[in-house]
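So the chains spell out like this:
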Amino acid sequence: MPVVPLKFRPHTDELLIFADDAGGYFKSDHAFLHRYACGQLTSSDRAFLTANGHAYNSVGDLAFSGFEHRFAERLYLPRELDYVILVPTLRCNLACGYCQVSRVNETTPGFDWNDVTLEAVIKFLDSLSAKKIKVEFQGGEPLLRLDIITKVRDFCRQRFEACEIVICTNLQEVDAPAWDLLAEPDIFVSTSLDGNRITHQKQRTVTDRGTDRFFANLEFAVSHLGPEKISALPTLDPHRAPTPHEVIDTYLSYGIRSIYLRPVNHQGFARKKFDARTSAAAWNAYHASFIDALIEHNWSSEVAVEEYYFVHCLRRVLRSGHNGHVDLRNPNIVGLSYLVIDYDGKIYPTDEARMVTRVGQFDLSMGDVSTGVSPETIDSLNVEALNNFHPDCVHCPYQAFCGVDLVDDISRYGRIDLPKHLTDFCQRHMSIFDRIFAMIYSDDPKIQKTLALWSGAPRFDPLLAKVHR
Amino acid sequence: MIDLRIKVDPLPIDEPLIVRLQAAGSPAQSDSDAILTEVEGDRREYELNGFSFAVYGANDTLDGDVLMMLPGTTTAHRLIRAGSKHNTLLVTEQCDQLCVMCSQPPKKYHTDLFEQFALAASLAPQGAMIGISGGEPLLHKDRLFRMLEDVKSRRPDVGFHILTNAQHLSTADLDMLQRLDHERILWGVPLYSATPENHDRIVGKSGAFANLERGLALLMRAGASLELRSVVMQQNWQDLPALADYVSTRLSFLTIWAIMQLERIGYARMNWRETFQDTSTEFEQIARAIDVATARGLKAALYNFPLCSVPPAYREYAPSTISDWKRKYLDFCLNCRAQKTCGGFFEWYSAPEGFASLGPL
Ligand code: SF4
Ligand code: SF4
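Attention now moves to the overall build of chain A. When helices and strands are tallied, chain A shows 17 helices and 19 strands. Relative to a compact globule of 469 residues, whose C-alpha radius of gyration would be 23 Å, chain A shows 24 Å and is just as compact. Viewed in the frame of its principal axes, chain A has a C-alpha envelope of about 75 × 50 × 45 Å. Across chain A, every contact between residues at least 6 apart in sequence was considered, and the portion connecting residues at least 24 apart equals 68%.

Here is the structure:
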């Protein structure tokens, strides 16, 4: 009876977490590890490993095929291009500390699409084979170019069977025509809400007047468009962040129940202002306290709240095929199923690649919307975008759940071959997965309740937390 | 209950005949179209290629329905009711298993009507999903496969939901299975326990579990769509959580896992006392199975459960599934706010022997 390779890592108690390449996991002790490593498995070990999907009798039998299926489903296969991020202008009416790289002043000329760019973008969209399209407008402040948004929207509506348009706006200046547009059924709003009023003002709006205007607009958006059409993210510096409770209360007061915590981004000019290079530990501590606060909140409240990325990681632990989020995929092949078109018509595989190029670190562009896609650089990155055979990840029990972010590595370290455990990406994910397993193996009813809510099941069953001895 | 048989004046035929009934004045679209010419009381007269015949007694519309008339009999089978989503072709009554709760106990002899069924399916309304049931359809797999290919070439929009015990698939069928349209064919395959002996005992065939594993592995390899069907009984009640675990490690490719209540007919009626599990008073094992499957990202559903028998947290898993023609509601359902979404009971459900804890929501 062959047993698939198991990777392991010490857990909080004297036990170890074991996991295989398809993401099957369990907890056991050092004695089992010894028997496994020395080929001395007992019949009860074998029975357990078989039942839990780590062993099979012959190649092609159902246990083997089931393993193959779960393994294959964990690999991300890029679809056809059906998602484009458009940056019609870099101009912005705010000057947030962490965003210097992706903005210029509202009055600066030369940072908008011109008619030729717009025409080329429309032509490019027309050339896509997808039946449905998702378009995300970023900036700068895209609402400064309502005219462009309207033209692209009109084109997409008649060209595709369905379109979804997301506008990433700071909700600072929204005039009547913009509100009309935002109220249309295929338009969605994504905005920044940096935790609470004080932090939002410090990091973004600066003056009381600016802050008042933002919160009034958010209030209006929630009541007129409905909270389901609005998503908001807090970008926080863990050293200067509001308490988790303040963040949760602020978000709940606008009916937003999913909070996607983002650390202040290290890239670009922002690195001069914020010391983010060594901040993984500080961020991990803040993030962990945030999860604690959510567990407390969910225990006593009717209204469940989640941290979006943590829930995504939890679901990646529990199931195969959960590859819907661009930030955590394996292999993380970029430049195929979605693209960014910058204010000057240059094409990038991701928004981060755009920043890396803009600050002059590396040129990660992949052509120009007028002359066409040239994927050579990105293709050579994509070759490395798989964690299955990475010399560090190959020993990590979290490998099947985790992913790769080479652009982040380049941006932080200027290279992609740093030992994994030294990277911010690995440190953040190791911490998240350690926490997830601590929760899975906890018998605290509060934690169990939150796990059930976040896994989507009515209750969290003990069969999802097997311990073998 | 809607009658699936209908009285006809016998026709002078010596082969089974498939006809599609069409409203008065509609143009015949095929040689099988019969056009309504006259209605008199409960008698409707149709014309088919110059011949006329009459059908009696149906009180709903028959437009678009497909009938099968058999030589020398005065009843026709309403194979396809155009207005219903619950049309099933019973392609054979033979079976190699003998399940304790079989609702359609097997018979020894087989009448081959595959050609007629293929014609009937190709006359179905646009986009129809047609059930194929038995007995065990794969006992005649060559005929069945030919029928599926035949209908696919004529009517690619028509889909099939095939109920099979998956005992009779072999690697030689892989090509064939791969050629079928996985969007339009759903394989409904029963599995009752992850403990081989328990499954074998329930289906009355030793070695069935091992065969089933081979069949399921083939379906997976072919890329087929699977509806796994697990009827809940006293015999497998304790096995459900472990079954959920088995399903999530072996069968994560499935489209849906149907956890099903018993249909009190056939052997299930005979063995009711030692088989029926009253899930209205005790739900825990099902709850656990759903908890595990859902956390693992699998779609689980409760088939044939009256909504009020299910604890509130699990009601969203219980769609209305009992076929329209054999569905009924009880007196107290009149006052229930959930009747629209509740599937009610099988026609042959018996309240005194059934769920102990029910009542309007
Ligand atoms: S990046 Fe780190 S946490 Fe992720 S798989 Fe590799 S070693 Fe594990
Ligand atoms: S009372 Fe009748 S209609 Fe209502 S949930 Fe129960 S069975 Fe269904």
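Picking up where we left off.
Moving on, we get to helix α3 (residues 62–73) of chain A. Compared with the 16 Å implied by 1.5 Å per residue over twelve residues, the 16 Å span of α3 of chain A between its first and last C-alpha is a close match. Elements that come into contact with the buried residues of α3 of chain A comprise α5 (208–222) and α6 (240–250) of chain B.

Residues and elements named next belong to chain A. Split into domains, chain A comes out as domain 1 (1–73) and domain 2 (83–376). Each of domain 1 and domain 2 has a C-alpha centre, and the two are 40 Å apart. Contacts between domain 1 and domain 2 engage five residues on the former and five residues on the latter. Buried area between domain 1 and domain 2, summed over both chains or domains, comes out near 330 Å², and the portion from carbon and sulfur atoms is 43%. A per-residue breakdown of the area domain 1 buries against domain 2 is headed by Tyr25, Arg70 and Glu73, which together make up 88% of the total. Across the contact surface, domain 1 and domain 2 share zero salt bridges. Along the contact surface separating domain 1 from domain 2 lie three residue pairs in polar contact (both at pLDDT 80 or more). Within the side of domain 1 that touches domain 2, the residues separate by chemical class into two nonpolar, one polar and two charged.

Residues and elements named next belong to chain B. Taken as a whole, this structure holds four cavities of 30 Å³ or more when the rule is applied. Here the largest cavity is characterised by a volume of approximately 100 Å³. Contributing to the lining of the largest cavity are 14 residues, with Leu262, Asn304, Phe346, Tyr349 and Phe355 lying nearest its centre. Taken together, the residues of the lining of the largest cavity sort by class into nine nonpolar, three polar and two charged.

Rules used throughout
Residues numbered from 1 in each chain as written. Chains lettered and ligands numbered in written order. Predicted model: local features only at pLDDT ≥ 70, side-chain atom pairs only at ≥ 80, totals over all residues. Heavy atoms only, no water. Helix = DSSP H or I, 4+ residues; strand = E, 2+ residues; numbered from the N terminus. Rg over C-alpha atoms; globule rule 2.2 N^0.38 Å. Contact = heavy atoms within 4.5 Å. Expected span 1.5 Å × (residues − 1). Domains from an automatic or database assignment. Buried area = accessible area lost by both parts, 1.4 Å probe. Salt bridge = Lys/Arg side-chain N within 4 Å of Asp/Glu carboxyl O. Polar contact = N/O pair within 3.5 Å; in protein donor to acceptor, adjacent residues only side chain to side chain. Nonpolar A, V, L, I, M, F, W, Y, C, P; charged D, E, K, R; others polar. 1 Å grid on protein atoms, 1.4 Å probe; cavity = no way out; pocket = protein on both sides within 12 Å on 5 of 7 lines; lining within 4 Å. Points joined across faces, edges and corners; volume = space filled by probe spheres on them.

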